[in-house]
Each structure stands twice: as C-alpha cells, then as structure tokens.
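Fold and contact review
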Amino acid sequence: MALRYRIARAVMCGGLCALAAGAHAAHAPILGPIHGGTVVTVPGVGLSPPAAVNGFNPLLISSAFDQQAAGLLYQPLVWVTRRFHINKTLSIARRITVSPGHRVFTVTLWRHWRWSDGAPVTTADVAYTYHMIQRLGPQFANYGVGGIPTDVALFRVLGPYRLRITLKSPVNPRWFILNGLALLTPLPEAAWRHVSITGLYDHLADPHFFSVVDGPFRLVSFVAGRYVTFGPNHRFTGPDKPYLHRLVMRFLHDPESIFFGLKTGKIQIADLPHKLFPGRRALRGFRERTVGPVWGFNYLGFDYANPRIAFVRDARVRMAMMHAIRQRLLIRVQYYGQGVRDYGPIPPRPPTYLSPMARRLERTGAYDPRLARQLLRAAGWHRGTGGIREKDGRRLAFTTLLPPGQIRGPTLIKDMLAKVGIDMRLREKPFNEIVAMTQGPDATKWDAIYLAWGLSVYPSARNIFGCGGANNFYHYCSHRMDALLDAIPTASGKGAIYRYEDYFIKTQPLLVLPGQRHVIEARDDIHGLKRAYSSMGGFEPQYLWVARRDR
C-alpha cells in the first residue's frame, strides 16, 4: 500500500477558528493556536487501519505508513493540493518552465529553504535524489513513475537554484510535473553522499542518520514494533511551523487495542474501527471528523503467476466476481454507511479523471449475480460438491490474505462469492508479513490479497498494471493494457485516461471494492484537525495544537 504524494489543504484559518469556537461553546473560551503539548496517535489515521512504521528514507520505502512518517521530515520539490494544483509557497520549486516542444523542463528553486544544519536546499540535493533513483533502479518503489528516470535524456544542474531536465520525447507537461517532478523530493546530499546503498538500508530507521531535515518535524526516537516520536524542526524555514512539542505514533494494530487506547487516554487521535462503531458513545471527551475516501482504491488482488489460481487469467471469472459483490451492502455492513461505490482504478472523489462509463457505473452499481453465474458457466465452471464450481477436476477456490481487524468485509464478500459457486478462504496476517509474502519477483506462492493502494496524482498507473511494472506484484500482463497505459503520458486531454479506465472496468485485473470514508476520533482539546487531515489522505500534523483552557 502506498500513497506517495502529499495532498495539501485549502482551508483557511477562519475555518479553523470557527471549528474551535463551535466545539467548545459551553466551556471556557479557546483563544487560538498555542505552542506546546503532546499528541499520541497511530500511523495511517484518515488513511487506513494502522500498521507499524519501518523506515524513513523516501528512496527505500513503499508502504503508506512509512511514507506518512517520512513526509514529516522532508519538504517536496512540488507540493500538490487536493485539487491537483501546485502550492508554490509550500514547494521547494519556485517556478517550472516548459519548452514549446514539451521536452525541456527548467526548474528554479526558492532560495529561502534551509536544512536543519543551516545549509541551503539547492539543486545538488535534487540531483542527489535523481541520481540515487538511477542507481537504485527498480529497488526504488516508484521507479519509472512519471518517466523518472526512464524517460529522461539529460539531467543538468545549471546553478545552485536552477536545473534542467530534457526528456527523450515530448510529453503531456501536466503528467510529468505531477508524477515525475513530484518524485524528486530533495534529500540532504552533503550528509548522505558518502553512504552506500547498503548503508542506506542499514540506517533505514536510525534516528541519528535522519538528523538533517528540511521538513516541519525531526525524528526524536524510534523503537521497532512499538512507537516513533517526532519533535518540531526548530530551524524549519517553511510558512507553517509546528505547534506541538511532541508527536508520537504508537504501533497498535487490532481494533480493540485502538478503541481501548482512546478510551483510556493512551492515544488521543485514531480512526474509529468500523467494527466498534456501536461502542462510540463510550468515548467521552472526543470529537469526530469524517474524511476520505483517499486518492487510491481498495481491492482484491490476485497472483497471476501462481498456477494454482490460473482461473483468474480468464476475464469472465473476474467479471463474475465483480457482479457477485453487492457493494452497497458492503458499504452498509462493513463501513456503517461511510463509503462510496467504486469499480475502476481511478477514485470517484474528486471526479476529476472519472470517465463517463465510470460515472454511470458508480451511480447504477454492477451487482448482478445472475450474470455472474452465466459468465462462470460460459467459462466452463459448473456446480460441484457443496455448490462450489469445478472444471477439469479443480475447484474454483482461493485463499485471501488480509491484515488484522478487517475480517468483517471479507467475510461478507466470501458469502457473496459462495452464492455464485466460488470458495474464498480467509487468512489474517500482520501487514508486514503480507508485504513480505507478496512483493518481489519471486513472491508467487500466494493466491489473493485484500488491501488498498494509493495513486500518483495524474493516475497513469504504468508501474502498477504494466507488464513488469515496479509495483506490479500481481504479475499481471496485458499488451492491450500496456498500449493504453503507454498512451497516457503523451496524450493531451483526458481521452487516453478514459480509454485505460474503461478497459480496466471491463476486464477487472484487480477487483476494485468500495472506497471508505474514515471517522477520526480526536480528544476535544486538540484542534487543527481540518487542516491536519485532508479528505484525500494527507497528514500535516504541524497544524495540530492542544488547548489550555486555564491560561
């Protein structure tokens, strides 16, 4: 699971103050944001059920939890807002100019950004990131996304604050800026340049190694499997300095621990676990905020390289599963009504890139178990023992791995699939174990996974669904899909994205499931939630502050 890009916010201070005043009308007045205080939370709030943080190096991490933590330490070259615009105030890049032929991109940096050791952030730091991506190759989780470095003909530093990137062929500038340049988060070249790749892995979670930062927070301590602590970067040169004295992420996993942590005060902010919605009234002194769905998709994914489940290579079987799943019921039972239907690789909220077919399908739904049975019969699968379909002596059955605490939805899906003759078995595993079992070219001994995936801002997804893509852990390969994906970076307008999106919906390489809204519970003396947690999964805790009513 990965959500690579920051989604910033558009809420102004007036909204923040109104929220505070309204929430505490019956108490002593809240005078405004103040500095100090500690907030204890868990990784992935507003994004996903939590899991542990395992590393902080943006070059070497892939999970959303690691990226959320690393995002507090390093300021991006290009800061993309929730409306897919660039916020120049929060970006390291001051200006981006594009040549008439859409091949040459010249980037000028602001001069005021500083590392925490006082050195300026320069093009040497951007170049370090770019050249390390080259050296890492596919070890870099987003290798090839936005054409970095695969489409680059020349990367040239013109001076401390100007650089030029020449591409091999013309591209859609919006695609390259939002997906390619957004990957080049400057990293501290002076501090890291003598460290080998092996050394970078050795220090993946070493607080001393991450002592030079340019983001709003610094890493204070990390205890594997237990917690990570952040403090404010007192030399942060950005516009929004943190109010908090300390931010702690505790690595809790199961819903009961999270709920108990909220109730006893051990954590102050967390997603309310869906299975414990009925008990929310037991949480006194908390406020709620609903966010999402995030810019990504929930899915049931298959290992196409596993011969045990060769039946998933038949699109009729995958389409049958799609028509067997009643998403509206899933939303009602699994998410207590907090979700939206989704069938394609591009999220429906906001609908910026949603094709007419996808919009229509979201409105009408795809639930049709009769059609599902027809498709399975046409594919040669007929009812066998216990109602489960069989073909050539093999049962239509597979095992799905899922993270802890998410059994409710998959159990419902299991029942829905059983009604059309498919046997889906469930096996809970820790998130880290699922990642270890399913990622990598040799990881072919699994059947299916139940997870979520984040998207690049311009949702081209060549790395996920293209043959041999860096994040194509499913070993899915379709030359038709490749051709559609290859057209997106160069096409103007949205026609190429629509054609890819519609082909995906008609073939379902992965079974896309409903998008989830998250209900965040926060202690009522903690403010700034609206800016700290965006509706698309961004986390900016520099806007959080703790009230003191007795001052």
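For the structure itself, look to the data block above.
In short, a report on the structure. Keep in mind it's a predicted model, so treat the numbers as computed, not measured. (Residues numbered from 1 in each chain as written. Predicted model: local features only at pLDDT ≥ 70, side-chain atom pairs only at ≥ 80, totals over all residues. Heavy atoms only, no water.)

Observations regarding the overall build of the protein chain
Looking only at helices and strands, the protein chain has 17 helices and 23 strands in total. The globule rule puts the C-alpha radius of gyration for 551 residues at 24 Å, and the 24 Å found for the protein chain is close to it. The C-alpha extent of the protein chain, read off along each of the three principal axes, is 70 × 60 × 45 Å. Going through the 551 residues of the protein chain one by one, you find that 60% of them count as buried. Within the protein chain, residue pairs in contact and separated by at least 24 positions form 70% of the contacts whose partners lie at least 6 positions apart. Of the roughly 21500 Å² of accessible surface on the protein chain, a fraction of 52% belongs to carbon and sulfur atoms. In the protein chain, the 71 positive side-chain charges and the 35 negative ones have mean positions that sit 6 Å from each other. (Helix = DSSP H or I, 4+ residues; strand = E, 2+ residues; numbered from the N terminus. Rg over C-alpha atoms; globule rule 2.2 N^0.38 Å. Buried < 20%, exposed > 50% of the residue type's maximum accessible area, 1.4 Å probe, protein only. Contact = heavy atoms within 4.5 Å. Areas by Shrake-Rupley, 256 points an atom, 1.4 Å probe, with all protein chains shown as cover. Lys, Arg positive; Asp, Glu negative; His and termini not counted. Charge placed at Lys NZ, Arg CZ, Asp CG, Glu CD.)

Thoughts on the packing of helix 15 (residues 479–487) against helix 16 (residues 495–507)
At a minimum axis distance of 8 Å, the contact between helix 15 and helix 16 shows a crossing angle of 155°. As far as their axial angle goes, helix 16 and helix 15 are roughly antiparallel. Crossing hand, helix 15 versus helix 16: left-handed. Residues Arg480, Met481, Leu484, Leu485 and Ala487 of helix 15 form the contact with helix 16, whose own contacting residues are Ala496, Arg499, Tyr500, Tyr503 and Phe504. Partitioning the contact of helix 15 with helix 16 into residue classes produces 8 nonpolar, no polar and 2 charged. (Axes fitted to C-alpha atoms, helices over the stretch in contact; angles between N-to-C directions. Parallel < 35°, antiparallel > 145°, perpendicular 65-115°, else oblique. Left-handed = near helix turned anticlockwise from the far one by under 90°. Nonpolar A, V, L, I, M, F, W, Y, C, P; charged D, E, K, R; others polar.)

Quick notes on the environment of Trp295
Mapped onto the elements of the fold, Trp295 is located in the loop between strand 10 (286–291) and strand 11 (296–302). For the pair formed by Trp295 and Pro347, sequence separation is 52 residues and the distance between their alpha carbons is 6.1 Å. At a separation of 3.1 Å, a polar atom in the side chain of Trp295 contacts the main-chain carbonyl oxygen of Ser456. (Polar contact = N/O pair within 3.5 Å; in protein donor to acceptor, adjacent residues only side chain to side chain.)

Side note on the sheet that holds strand 5 (residues 162–167)
The 4 strands lie next to each other as 2-3-5-4, forming an open sheet whose pairing is antiparallel. Strands with a single pairing partner mark the edges of an open sheet, and in this sheet they are strand 2 (93–98) and strand 4 (152–159). The average undirected angle you get between the axes of adjacent strands in this sheet is 15°. For strand 4 and strand 5, the ladder comprises 6 bridges, and the chain directions are antiparallel. Bridged to Gly159 within strand 5 is Arg162. (Pairing = 2+ DSSP bridges.)

Comments concerning a positive patch on the surface
A surface patch of like charges, here positive, comprises Lys88, Arg94, Arg95, Arg111 and Arg162. As for its placement among the helices and strands, Arg162 is situated in strand 5. Here Arg162 falls in the partly exposed class, since its relative accessible area comes to 37%. (Patch = residues over 30% accessible without salt bridge, like charges linked within 9 Å, V, L, I, M, F, W, Y side chains within 5 Å. Salt bridge = Lys/Arg side-chain N within 4 Å of Asp/Glu carboxyl O.)

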